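Listed below, chain by chain, are the residues.
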Amino acid sequence: MSYQGVLDRYGPLLDIPAHTKPVTLLEGNTPLIAMPGLADELGGDFELYVKFEGMNPTGSFKDRGMTVAISEAYGGGSQAVICASTGNTAASAAAYAARAGLRAIVLIPQGKVAAGKLAGAIAYGAEVIQIDGSFDDALSMVVEISQRQPIALVNSLNPYRLEGQKTAAFEICDVLGQAPDWLCLPVGNAGNITAYWMGFRQYEQTRSTGLPHILGVQAAGSAPLVLGRPVDHPETVATAIRIGRPARGEQALQAAEESHGRIIAVSDEQILAMQKRLAAHGVWVEPASAAGLAGLAHELQQGTFKITPGQRIVAVCTGHGLKDPDIITRSMAAPRVLPAKVDVLEAVLAGK
Ligand code: AN7
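What you are looking at is a predicted structure, and each value in this text was computed from that prediction instead of being measured.

Q: Quick question: what am I supposed to make of the overall build of the protein chain here?
A: Assigned secondary structure in the protein chain consists of 14 helices and ten strands. For the protein chain, the spread of C-alpha atoms along the three principal axes comes to 65 × 50 × 50 Å. Every one of the 352 residues in the protein chain was classed for burial, and the buried ones make up 55%. Summarising the internal contacts of the protein chain: among those between residues at least 6 apart in sequence, 72% fall at separations of at least 24. Total accessible area computed for the protein chain in this model is approximately 15100 Å², and 52% of it derives from carbon and sulfur atoms. Measuring between centres, the 28 positive side-chain charges of the protein chain sit 3 Å from its 33 negative side-chain charges.

Written out as structure tokens, the structure reads:
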């Protein structure tokens, strides 16, 4: 049988209730792309791979956790789901809820969600509500309403989200034959770093695939885990990770410590420079998704990163560049316009 999504492939390895009824868009099974040119540019004698999670059905890694959370809610008889979101969770919840015929309500910070994510949430038919506040404000609202009303919370506080997101770690080990030496990824609400660490540990216990060091990367204006305190007014161009009170912050710090890795911050300039650099190698990701690699570049530059020749590094690129087209187009002039005449084109191409 052809590929049928993460529950079909990895369901027996996930801690989920028996009432779970699969709701899938065939998420997962995303490409692990070798990046030898970028590794050279970064000056490293290592094997570099991008796990391109933007290739999921709604364009981000959120689909792995969402298929499981919605399958559990649907099988358990829920009629409605709710989440707070910087955008990708909203689009993913909307799509999977639509698939299951459930009502989806998504709360987003006003004016701070990239165009492709907002459009997705609307296209899939979610009830989209903007909050005059931050993601963190929206999250505390949905947590409270899900306690008062029969509405299932599908943020990564929902344990089934993490169960689904573990599958990305399984896939990496299955493709490489073992865990990489380092895993670099962006950190926002800190569900993903927590899920990867759970996944790698589970595979190590059952299949002896080894453990990576984890490099979690926040944006400097939204770096509560680096500062060691919540950030009340988080800011960053990487709106996906514009989060000041990460719900899974403690577990993220634990993952970094237990893996002998670390959590660092990079500037918006470093994030955008890496987004450009990745695109120059054919992989266009949204800004937040470039943060992991920006962190890797930063550590290599500082000389604080001890990599021995031949080591493998996997960078998780969490969302597709198409999610946030404005970040590219707003800083450039519109492409030139020519008359529809091939001789004019030829002259222009010849530099005349
Ligand atoms: C592209 O959609 O929090 O550390 O509400 O969209 O697991 O939160 C998105 C987070 C990284 C951070 N990259 O992951 C949301 C939301 C992208 C993201 C993260 C997000 P977590």
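Q: Can you walk me through the pattern of salt bridges in this structure?
A: Between side chains of opposite charge, a pair can form when the charged atoms approach closely. Going through the model one piece at a time under the given rule, you end up with 14 salt bridges. As a salt-bridge pair, glutamate 286 and lysine 117 come within 2.7 Å of each other at their nearest N and O atoms. Here lysine 117 lies in helix 5 (residues 115–123) and glutamate 286 lies in the loop between helix 11 (268–279) and helix 12 (291–302), a separation of 169 residues in the sequence. Overall, lysine 117 belongs to the buried group, its relative accessible area being 0%. Through salt bridges with shared partners, a single network forms among Lys51, Glu53, Arg64 and Glu171.

Q: Hey, could you run me through the sheet that holds strand 8 (residues 213–219) in this one?
A: In a beta sheet, neighbouring strands pair by backbone hydrogen bonds and run either parallel or antiparallel. Strand order in the open sheet formed by six strands is 1-2-10-7-8-9, and the pairing between neighbours is mixed. The open sheet is flanked by strand 1 (32–34) and strand 9 (262–266), the only strands paired with a single partner. Shown here is a sheet whose adjacent strand axes are inclined to one another by a mean of 25°, direction ignored. Where strand 8 meets strand 9, five bridges bridge the pair, whose relative direction is parallel. Paired with valine 217 across the bridge in strand 9 is isoleucine 264. Of the strands in this sheet, strand 2 (47–52), strand 8, strand 9 and strand 10 (312–317) touch helix 11, which is tilted by about 90° from strand 9.

Q: Honestly, the pairing of strand 10 in this entry has me stumped. Any pointers?
A: If a strand is regular, its side chains alternate between the two faces of the sheet. Counting buried residues in strand 10 gives five out of six residues, a clear majority hidden from the surface. One ladder, built from six bridges, connects strand 2 with strand 10; its direction is parallel. Looking at the pairing, phenylalanine 52 lines up with cysteine 317 of strand 10.

Q: Any chance you could explain the site of the ligand here in plain terms?
A: The local shell around the ligand holds 23 residues, among which Asn88, Thr89, Asn189, Ala190 and Thr318 are the closest. Contact between the ligand and threonine 89: an oxygen atom at 2.8 Å from a main-chain N or O atom of the residue. Between the ligand and the protein, one listed contact pairs an oxygen atom with a backbone N or O atom of asparagine 192 at 2.8 Å. For the ligand, whose free accessible area comes to 470 Å², the fraction covered by protein is 99%. Counting residues per element, the ones that place at least two in the shell around the ligand are helix 4 (88–100) and helix 8 (191–207). Of the residues belonging to the shell around the ligand, the class tally is nine nonpolar, twelve polar and two charged.

Q: Help me out: how do you make sense of the nonpolar core in this one?
A: Nonpolar side chains in soluble globular proteins tend to be buried together. Grouped together as the largest cluster of nonpolar side chains are 34 residues, with contacts concentrated most on Leu42, Leu48, Val50, Leu278, Leu293, Leu296 and Ile313. For this core, the secondary structure elements donating two or more residues are helix 2 (36–41), strand 2, strand 7 (182–186), strand 8, strand 9, helix 11, helix 12 and strand 10. With five residues, helix 12 is the largest single contributor of residues to this core. Core analysis: the second largest hydrophobic core is formed by 30 residues, Leu32, Phe170, Leu183 and Val314 among them.

Q: Hey, could you run me through helix 10 (residues 249–258) in this one?
A: Residues spaced three or four apart along an α-helix face the same direction, because each turn holds 3.6 residues. Listed in full, the buried residues belonging to helix 10 are Gly249, Ala252, Ala255 and Ala256. The buried residues of helix 10 all sit within an arc of 120° when viewed along its axis, so they share a single face. Opposite the packed face of helix 10, turned more than 90 degrees from it, sit the exposed residues Glu250 and Glu257. Its buried side turned inward, helix 10 meets helix 8, strand 8, helix 9 (224–227) and strand 9. In the stretch just after helix 10, histidine 260 is the one whose phi turns positive, near 55°.

Q: Would you mind going over the packing of helix 11 against helix 12 with me for this structure?
A: In a packed pair of helices, the relevant descriptors are the angle between the two axes and the axis-to-axis distance. In the contact formed by helix 11 and helix 12, the axes pass within 8 Å of each other and the chain directions differ by 105°. One element, helix 11, and the other, helix 12, form an angle in the roughly perpendicular class. Residues Gln270, Ile271, Met274 and Leu278 of helix 11 pack against Ala291, Leu293, Ala294, Ala297 and His298 of helix 12. Across the contact of helix 11 with helix 12, the residue classes tally to seven nonpolar, two polar and no charged.

About the criteria used
Residues numbered from 1 in each chain as written. Predicted model: local features only at pLDDT ≥ 70, side-chain atom pairs only at ≥ 80, totals over all residues. Heavy atoms only, no water. Helix = DSSP H or I, 4+ residues; strand = E, 2+ residues; numbered from the N terminus. Buried < 20%, exposed > 50% of the residue type's maximum accessible area, 1.4 Å probe, protein only. Contact = heavy atoms within 4.5 Å. Areas by Shrake-Rupley, 256 points an atom, 1.4 Å probe, with all protein chains shown as cover. Lys, Arg positive; Asp, Glu negative; His and termini not counted. Charge placed at Lys NZ, Arg CZ, Asp CG, Glu CD. Salt bridge = Lys/Arg side-chain N within 4 Å of Asp/Glu carboxyl O. Pairing = 2+ DSSP bridges. Axes fitted to C-alpha atoms, helices over the stretch in contact; angles between N-to-C directions. Near = heavy atom within 4 Å. Polar contact = N/O pair within 3.5 Å; in protein donor to acceptor, adjacent residues only side chain to side chain. Nonpolar A, V, L, I, M, F, W, Y, C, P; charged D, E, K, R; others polar. Core = buried A, V, L, I, M, F, W, Y, C linked by side-chain atoms within 4.5 Å. Arc of directions from axis to C-beta. Parallel < 35°, antiparallel > 145°, perpendicular 65-115°, else oblique.

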